[in-house]
Structure formats: structure tokens, C-alpha cells
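Remarks on the overall topology
The lines below spell out each chain.
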Amino acid sequence: MQAAQLFDVKDKVVLVTGGGRGIGEMIAEGYVSNGAKVYIASRDIKACEATAQRLSKQGPGKCFALAADLSKYEDIVKLIGELSKKEETLNVLVNNSGANWGAPLDEYPDAAFQKVMNLNINRVFTITQKALPLLRAAQKKDGVARIINIGSVNGVDPPALETYAYSSSKAALHHLSRVLASRLGPEGITVNTLACGPFQSKMMKETLEKNKDSILQGVPLGRIGSPEDVAGVCLFLSGRAGAYTTGATIPVDGGSLVKAKL
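Residues numbered from 1 in each chain as written. Predicted model: local features only at pLDDT ≥ 70, side-chain atom pairs only at ≥ 80, totals over all residues. Heavy atoms only, no water.

An unreviewed UniProt entry lists the chain under the name SDR family oxidoreductase, with Naganishia liquefaciens as the source organism. Regarding the chain, the UniProt comment filed under Sequence similarities (unreviewed entry) reads as follows: "Belongs to the short-chain dehydrogenases/reductases (SDR) family." (UniProt positions renumbered as here; feature names shortened; annotations may be inferred.)

With that out of the way, let us pick up the environment of Gln58. Along the chain, the position of Gln58 falls in helix α3 (residues 45–58). With relative accessibility at 38%, the residue Gln58 sits in the partly exposed group. Between the C-alpha atom of Gln58 and that of Glu29, which follows or precedes it by 29 residues, the distance is 8.9 Å. (Helix = DSSP H or I, 4+ residues; strand = E, 2+ residues; numbered from the N terminus. Buried < 20%, exposed > 50% of the residue type's maximum accessible area, 1.4 Å probe, protein only.)

What follows is about the pairing of strand β5 (residues 146–152). Counting buried positions over the seven residues of β5 gives seven, a clear majority of the element. Because side chains alternate across β5, one face comprises the buried residues Arg146, Ile148, Ile150 and Ser152, and the other comprises Ile147, Asn149 and Gly151, equally buried. One ladder, built from four bridges, connects strand β4 (residues 92–95) with β5; its direction is parallel. Counted as the bridge partner of Val92 is Arg146 from β5. (Pairing = 2+ DSSP bridges.)

A few words now on the pairing of β4. With burial as the criterion, each face of β4 is covered, one bearing Val92 and Val94 and the other bearing Leu93 and Asn95. This β-α-β element, β4 to helix α5 (residues 110–142) to β5, shows right-handed connectivity. (Right-handed = clockwise from strand over helix to strand, strands pointing away.)

Another point: the sheet that holds β5. With parallel pairing, the seven strands of this open sheet are ordered in space as β3-β2-β1-β4-β5-β6-β7. If you trace the sheet from one side to the other, it starts and ends with β3 (62–67) and β7 (249–252), each paired once. Going across the sheet, the axis of each strand differs from the next one's by a mean of 20 degrees, ignoring polarity. As judged from the four bridges shared by strand β6 (residues 190–196) and β7, these two strands associate in the parallel manner. Counterpart to Leu194 in the pairing with β7 is Ile250. Sheet strands touched by helix α6 (residues 164–184): β5, β6 and β7. Its angle to β5, the strand with the most contacts, is close to 160 degrees. (Axes fitted to C-alpha atoms, helices over the stretch in contact; angles between N-to-C directions. Contact = heavy atoms within 4.5 Å.)

A word on unusual backbone geometry. Gly59 connects to Pro60 through a cis peptide bond whose omega is 0 degrees. Among the secondary structure elements, Pro60 is positioned in the loop between α3 and β3. Non-glycine residue Asp11 carries a positive phi angle of around 70 degrees. Tracing the sequence through the fold places Asp11 in the loop between α1 (3–6) and β1 (13–17).

Listed below in C-alpha cells is the structure:
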């Protein structure tokens, strides 16, 4: 029972949506650094290509960029079609792409609410549905088929910021993960969610610049999350160590969800 075997992802095929930057890039780096074959996808293909080149040079795994606007149904169908031409199986699907929008309650735009909900929950269901044949093939081939959804502490506890659609979409994502875990468990496919706290990402950049001190006051460990923090949990869930964990919402938040109880 060696750690190298428990967390082994060497040669596994991984798809990380929104993997060109932020938390998605951190997760992709964790897989590539441990020998996986990683595909990252977003509509910003230049960012994806730059990240893929950097991670591939770092090795020992490889990283490849795929273009897709993950808010569009037809783009997701095309993305999985392209991946299916390159790979017969998909061991790990990481649904990381997401959007946020903040505005006062009385002024919150309907279009913004619809946009955030569509990307953060509707299209997560779509890509999971379309990727099932590849995931089922992976489970049949080598017994490793995992879905990891990137949620948020805001989907567990209401945030101070006025991010109504984001918080609601993440709560829905957490529940969708449990529903999928129940449905796909008999097929040997695990589904888990990470309830992420503050990490240095494009989505969090402005918030951290304005409110970093107050945010850190709500984090018992007293720091912003690092790439190792989120990548490590993904490696656990993807390897033999996480094979009996499904339907879980795992806080990766420095303890922010228990701050009020201290």
C-alpha cells in the first residue's frame, strides 16, 4: 500500500474545463506533473495553448489545448467529438469552468443570472452527459472513471458579497453531483465536488485586491489557497486512494466554513 500507487494517475486521460488559467490551470498542472495526459478546454484558445505548452515542457505528462465555448451546447458536443477522435477513453472529467456576477439585489440583471446559471450548472450536466461513453469505456478498460466538479464554499453558506446566481449555481452543482453519484455509482463511476474557498484566480482577482484582509480573517489557516491544495485533492479523488469516495462535497477552503463555529 504505497503512496505512489494510491495516488497514481500516470497515463490517465484527463479533461479539465477552463484549464487555461486559475484553479483549472492549478489542477491541470497537478495531473501533468504526475504523468497524466491532460486536455484543457476554454473559449480562450490562446491562453489554453500557452498553458498547454508550458505544462508539457514541465512534464512528465503531456497537455493539449482544445477550443470550446463551454456555455454553448453545440460547442460541448463538438468538444467531446474532438476528444473522441483522439482518445478511446476518459479517466477523469474535471468540470471547472464557471462564471460569476455581482450586483445589488434590486439591480441584478436577468441576463447575468441566466448566463451564470447556464455555464455553472446547465452545461456541467451537458458535458457530463456527453462524456459518459468515454468515461464508461475507461471504467471498463482499467477501472478508473472519475468526475470532479469544482464547487464553492458559497454554495454551502451564503456569502457576504451579492453574488446571487453564483452562490445558487454552486449549491445546485453540489446537489447535482450527489444525484449523479447515486446514478453512476453502480457503473463504477465516482462523482465528487470540491467546495473551494479563496484561491488566486482571474475570477477572484478583483475581490482579493479589494478585500484580501477581510477574506483572510474568515480563513482559520490564514492564507489563500495554493495550487498544491486543490491539485492534491484532485489527485486523491482520481487515484486508488479515492476509489471508495463518491457523492462527497469536500471543503478546500482553509477552514472558512467552520470559522463561525470557532
